[in-house]
Number of protein chains: 2
Amino acid sequence: MSCLFTEYLLNRYGFRMGRPIRTRRQATLASLAAELGVSRTTVSNAYNRPDQLSPELRRRVLETARRLGYPGPDPVARSLRTRKAGAVGLLLTENLSYAFRDPAAVGVLEGLALACEDAGVGLHLVPASPGHEDVAAVHRAGVDGFVVYSVPDDDPHLAAVLQRPVPTVIIDQPRIDGVDRVGPDDAAAVANIANHLVELGHRQIGVLCMRLARERNDGFVTLERQSNAHFHVQRLRLEALAAAFSLAGVDWANVPVVERFDHTVDEGASAARQLLDANPQVTALICTSDILALGALAEAERRGLHVPGDLTVTGFDGIAEAERIGLTTVHQPVLEKGKAAGKLLLGASERVTPKIITLPTELRVGRTSGPPRTAEERWFGP
Amino acid sequence: MSCLFTEYLLNRYGFRMGRPIRTRRQATLASLAAELGVSRTTVSNAYNRPDQLSPELRRRVLETARRLGYPGPDPVARSLRTRKAGAVGLLLTENLSYAFRDPAAVGVLEGLALACEDAGVGLHLVPASPGHEDVAAVHRAGVDGFVVYSVPDDDPHLAAVLQRPVPTVIIDQPRIDGVDRVGPDDAAAVANIANHLVELGHRQIGVLCMRLARERNDGFVTLERQSNAHFHVQRLRLEALAAAFSLAGVDWANVPVVERFDHTVDEGASAARQLLDANPQVTALICTSDILALGALAEAERRGLHVPGDLTVTGFDGIAEAERIGLTTVHQPVLEKGKAAGKLLLGASERVTPKIITLPTELRVGRTSGPPRTAEERWFGP
DNA sequence: GTGAAAGCGCTAACAC
DNA sequence: GTGTTAGCGCTTTCAC
């Protein structure tokens, strides 16, 4: 341990235990070569092509490097020369906490990280502040490609990414012609859940959805805002719901839809409260994410509503906690989504035609959906 | 949108819609300068020091850049020149899934990411495969510093990090002299929970803990393995428990401790099963993480044990789900941990004396701990 | 098996 | 306000 410590000081400050060495951090491949009386090529080879040296010479090089506190070839200089950064960038705009608090997003992140790990490349999280239009961070990122996860179609960071001369893969949204994309079959997924509710007999429904644009609008959503949503996944889900319920005779214009900017369980609860306060007749609450659904369940409990007797609640994503409590939801393979994006990107160097990967989803009926009670049952018990 | 598409193709492949341009990707700061008949400095200034140019000239430069498909200064070349990578590396060895499945780890990640975002620097996840001793990834990472999160003290990646001439901050473990560290006051935290259980009257206890070393050992843990653990946080927690219960007259040598390599709810359940099968007399299960505790609760339910009547279960970390279900646990400010590490690192350039930050923890008594039932009560009801 | 030469693309003094 | 000069530290043909 003490050895690690000593070396750390030596490398970081250029001295051992208070005894300063000539100059702080000067060792370089060239200086090492000079010290050894060999050429820079040889030193470089000692690190990158061990088979091009005699083992003995190599040992000497490494040994001297150690003595001089040379930490090996500088990664940045190497990247410049080889034109490979050894990292892929990840852009997830609009509030980092959004990403890390959502297990579905974390799943994507994990999948992507695994794919990167397999390929031995780093994953560079681009600092894209929320309001802050600090596009510079995108320009500053030394990466061989970008993965963009679920951003609005008018995101300036996205525009900056597309300007960079490297391949890009978009997960979920937005859809851009000519750019690789990985996403679930949203329309089918939502149709599934809608049909499930229709068959159970629900006609009085309400919807809780995530943000539809970059500006905050915590409250009811007009039809216009629904169809102008800049997050096309949310737009698509609403459209699919509208289609399915219209077919069942429900007038979509009368279906209350409540939006939340922040994606948290608490916001889900408050959204449910807002919706139910104004529409107590609702028998089913469709949420466009499990997180929101978890909040809706909490609110149902607070109101003393029995689920699913008094209120059916459904989610979207299939996160672990939802599964543990038996939430009816649409499961999507988030890990695979991230992995697929990673693989697509890492293999994208040569391809010219863009690739679209659509992942399957699965309706998982749990304990939170059931037929609505009749008014009679509601008053007099089942 | 179509505009984005066109530009993307132009930048990535060097042509517009199938019409190839001279050579694929040649535009560079120098070529731009040549085209414009100005010096490279001027072009550089157009991007980095807008105040050093006439607005008119700057407009012309940017306009020409756009026409030529010049995507702005190459980040890697810039990094080489400025000696700033604009990113910090994060090392979390030993299975990435471990990190992403554990909300406590995700919290740290989030905090760190927020700190980076504030500073406008990227967060570079170093691909450190589990068994794979691919230390090269550490050497290849173009970063200005490293944060190391909870790795064993004999981790080769850690050794490689300390060899790099950049500042380093370690979160949780290991402790290394001379290296900055951020962590909770583990000993106090564990003592708290131990005293809570002692006061409730528990003397027949069992412990579920996370991996203690790099090799897998799913099962009971000898005293020797406990005191040789390479993850000092786990070692410390066990030692603190031993101290507290010994004081209460419990012979620690007889306390069953079950270890799990993988950190998942399912493994927590199986560990609980293994422990309770062999020690049915146990009245309290102390888990060194909430994840394991969640599993223990599931197993208790499966066995028909009433919590806390038949079995008390405690966790560690204070993750959101634990809070929602009322788990008795020790809460630690994971987000702050990540943030503190980030700030420490980002401000570390000038400091020479190492800094240790200890974060407070808090015992949160929930619904899963209570006094043990007497044998009589167990058979005949409360 | 080893070395010399030629940059990768950029920024930062400092002079004009 | 603009240009000249020097590298940042490395890899990579291609001769020897």
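The shown structure was predicted, so the numbers you read here are calculated from the model rather than taken from an experiment.

**Observations concerning the overall build of chain A**
Turning to step 1, where the next piece is worked out: Within chain A one finds 17 helices and 15 strands.
Turning to step 2, where the next piece is worked out: Over its C-alpha trace chain A gives a radius of gyration of 27 Å, far above what one expects of a compact globule, namely 21 Å for 382 residues.
Turning to step 3, where the next piece is worked out: Along the first, second and third principal axes, the C-alpha set of chain A runs to 95 × 50 × 35 Å.
Turning to step 4, where the next piece is worked out: Going through the 382 residues of chain A one by one, you find that 57% of them count as buried.

**Some details on the sheet that holds strand E4 (residues 122-125) of chain A**
Turning to step 1, where the next piece is worked out: Taking strand neighbours across the sheet as the criterion, the 12 strands line up as E14(A)-E7(A)-E6(A)-E5(A)-E3(A)-E4(A)-E4(B)-E3(B)-E5(B)-E6(B)-E7(B)-E14(B) in an open arrangement whose pairing is mixed. The two strands at the open ends of the sheet, each matched to only one other strand, are strand E14 (356-359) of chain A together with strand E14 (356-359) of chain B. Neighbour-to-neighbour, the strand axes of the sheet open up by a mean angle of 20 degrees, direction not taken into account.
Turning to step 2, where the next piece is worked out: Two elements, strand E5 (residues 146-149) of chain B and strand E6 (residues 168-171) of chain B, share 4 bridges in a ladder whose sense is parallel. Note on E6 of chain B: the bridge partner recorded for Val-148 of chain B is Ile-170 of chain B.
Turning to step 3, where the next piece is worked out: Together, strand E3 (87-91), E5, E6, strand E7 (180-184) and E14 of chain B form the strand contacts of helix H16 (residues 334-346) of chain B, whose direction differs from that of E7 of chain B by roughly 170 degrees.

**Looking at the nonpolar core**
Turning to step 1, where the next piece is worked out: Grouped together as the largest cluster of nonpolar side chains are 108 residues, with contacts concentrated most on Leu-123, Leu-208 and Leu-285 of chain A together with Leu-123, Leu-208 and Leu-285 of chain B.
Turning to step 2, where the next piece is worked out: If sequence neighbours within four positions are ignored, Leu-285 of chain A has contacts with Gly-206, Leu-208, Ala-272, Leu-275, Leu-276, Ala-296, Leu-311, Thr-312, Val-313 and Thr-314 of chain A.

**With respect to the protein's contact with DNA strand C**
Turning to step 1, where the next piece is worked out: Surrounding DNA strand C, one finds 29 residues, the nearest of these being Thr-28, Leu-29, Arg-40, Tyr-70 and Arg-81 of chain B.
Turning to step 2, where the next piece is worked out: Sugar plus phosphate: this is where 61% of the atoms of DNA strand C within 4 Å of the protein reside.
Turning to step 3, where the next piece is worked out: Within the contact set of DNA strand C, a phosphate oxygen lies 2.8 Å away from a side-chain nitrogen or oxygen of Thr-42 of chain A.
Turning to step 4, where the next piece is worked out: Within the side chain of Asn-48 of chain B, an N or O atom sits 2.9 Å from a phosphate oxygen of DNA strand C.
Turning to step 5, where the next piece is worked out: Secondary structure elements with two or more residues in the surface near DNA strand C: helix H3 (40-48) and helix H5 (75-82) of chain A together with helix H3 (40-48) and helix H5 (75-82) of chain B.
Turning to step 6, where the next piece is worked out: It is H5 of chain B that contributes the most residues to the surface near DNA strand C, 5 residues altogether.

**Overview of the domain arrangement of chain A**
Residues and elements named next belong to chain A.
Turning to step 1, where the next piece is worked out: The domain boundaries assigned to chain A delineate domain 1 (3-73), domain 2 (84-182 + 336-355) and domain 3 (186-332 + 362-380).
Turning to step 2, where the next piece is worked out: For domain 2 and domain 3, the distance between their C-alpha centroids amounts to 29 Å.
Turning to step 3, where the next piece is worked out: Taking both partners together, domain 2 and domain 3 bury about 1,500 Å²; carbon and sulfur atoms supply 50% of that area.
Turning to step 4, where the next piece is worked out: Between Arg-214 and Asp-154 there is a salt bridge, and its shortest N-O distance comes to 3.7 Å.
Turning to step 5, where the next piece is worked out: For the interface between domain 2 and domain 3, the tally reads 6 residue pairs in polar contact (both at pLDDT 80 or more).
Turning to step 6, where the next piece is worked out: If you list the elements that add at least two residues to the side of domain 2 that touches domain 3, you get helix H6 (96-101) and helix H7 (103-119).
Turning to step 7, where the next piece is worked out: Looking at the side of domain 2 that touches domain 3 residue by residue, the classes come out as 7 nonpolar, 3 polar and 10 charged.

**A few points about the protein's contact with DNA strand D**
Turning to step 1, where the next piece is worked out: The immediate surroundings of DNA strand D are formed by 29 residues, with Leu-29, Tyr-70 and Arg-81 of chain A together with Thr-41 and Arg-81 of chain B found nearest.
Turning to step 2, where the next piece is worked out: Within the backbone of Leu-29 of chain A, a nitrogen or oxygen atom sits 2.5 Å from a phosphate oxygen of DNA strand D.
Turning to step 3, where the next piece is worked out: Within the side chain of Tyr-70 of chain A, an N or O atom sits 2.6 Å from a phosphate oxygen of DNA strand D.
Turning to step 4, where the next piece is worked out: Broken down by secondary-structure element, the contributors of at least two residues to the surface near DNA strand D are H3 and H5 of chain A together with H3 and H5 of chain B.
Turning to step 5, where the next piece is worked out: Here the surface near DNA strand D is composed, by residue class, of 8 nonpolar, 12 polar and 9 charged.

**Some words on the packing of helix H13 (residues 265-278) of chain B against helix H14 (residues 290-302) of chain B**
Residue and element names in this part refer to chain B.
Turning to step 1, where the next piece is worked out: For the pair H13 and H14, the least separation of the axes is 6 Å and the interaxial angle reads 55 degrees. The orientation of H13 with respect to H14, classified from their angle, is oblique. Pair H13 / H14 crosses with right-handed handedness. From H13, Val-265, Gly-268, Ala-269, Ala-272 and Arg-273 reach across to H14, where they touch Ile-291, Leu-292, Leu-294, Gly-295, Ala-296, Glu-299 and Arg-302.

**Notes on the pairing of strand E10 (residues 257-260) of chain B**
Residue and element names in this part refer to chain B.
Turning to step 1, where the next piece is worked out: Here E10 shows no split at all, with Val-257 and Glu-259 on one side and Val-258 and Arg-260 on the other all buried.
Turning to step 2, where the next piece is worked out: Across 4 bridges, strand E8 (residues 205-210) lies against E10 in parallel orientation. Following the sheet pairing, Val-207 is matched in E10 by Val-257.
Turning to step 3, where the next piece is worked out: Alignment of strand E9 (residues 219-220) against E10, held across 2 bridges, turns out to be antiparallel. Across the sheet, Gly-219 pairs through a bridge with Glu-259, a residue of E10.

Rules used in this analysis
- Residues numbered from 1 in each chain as written.
- Chains lettered and ligands numbered in written order.
- Predicted model: local features only at pLDDT ≥ 70, side-chain atom pairs only at ≥ 80, totals over all residues.
- Heavy atoms only, no water.
- Helix = DSSP H or I, 4+ residues; strand = E, 2+ residues; numbered from the N terminus.
- Rg over C-alpha atoms; globule rule 2.2 N^0.38 Å.
- Buried < 20%, exposed > 50% of the residue type's maximum accessible area, 1.4 Å probe, protein only.
- Pairing = 2+ DSSP bridges.
- Axes fitted to C-alpha atoms, helices over the stretch in contact; angles between N-to-C directions.
- Contact = heavy atoms within 4.5 Å.
- Core = buried A, V, L, I, M, F, W, Y, C linked by side-chain atoms within 4.5 Å.
- Near = heavy atom within 4 Å.
- Polar contact = N/O pair within 3.5 Å; in protein donor to acceptor, adjacent residues only side chain to side chain.
- Domains from an automatic or database assignment.
- Buried area = accessible area lost by both parts, 1.4 Å probe.
- Salt bridge = Lys/Arg side-chain N within 4 Å of Asp/Glu carboxyl O.
- Nonpolar A, V, L, I, M, F, W, Y, C, P; charged D, E, K, R; others polar.
- Parallel < 35°, antiparallel > 145°, perpendicular 65-115°, else oblique.
- Left-handed = near helix turned anticlockwise from the far one by under 90°.

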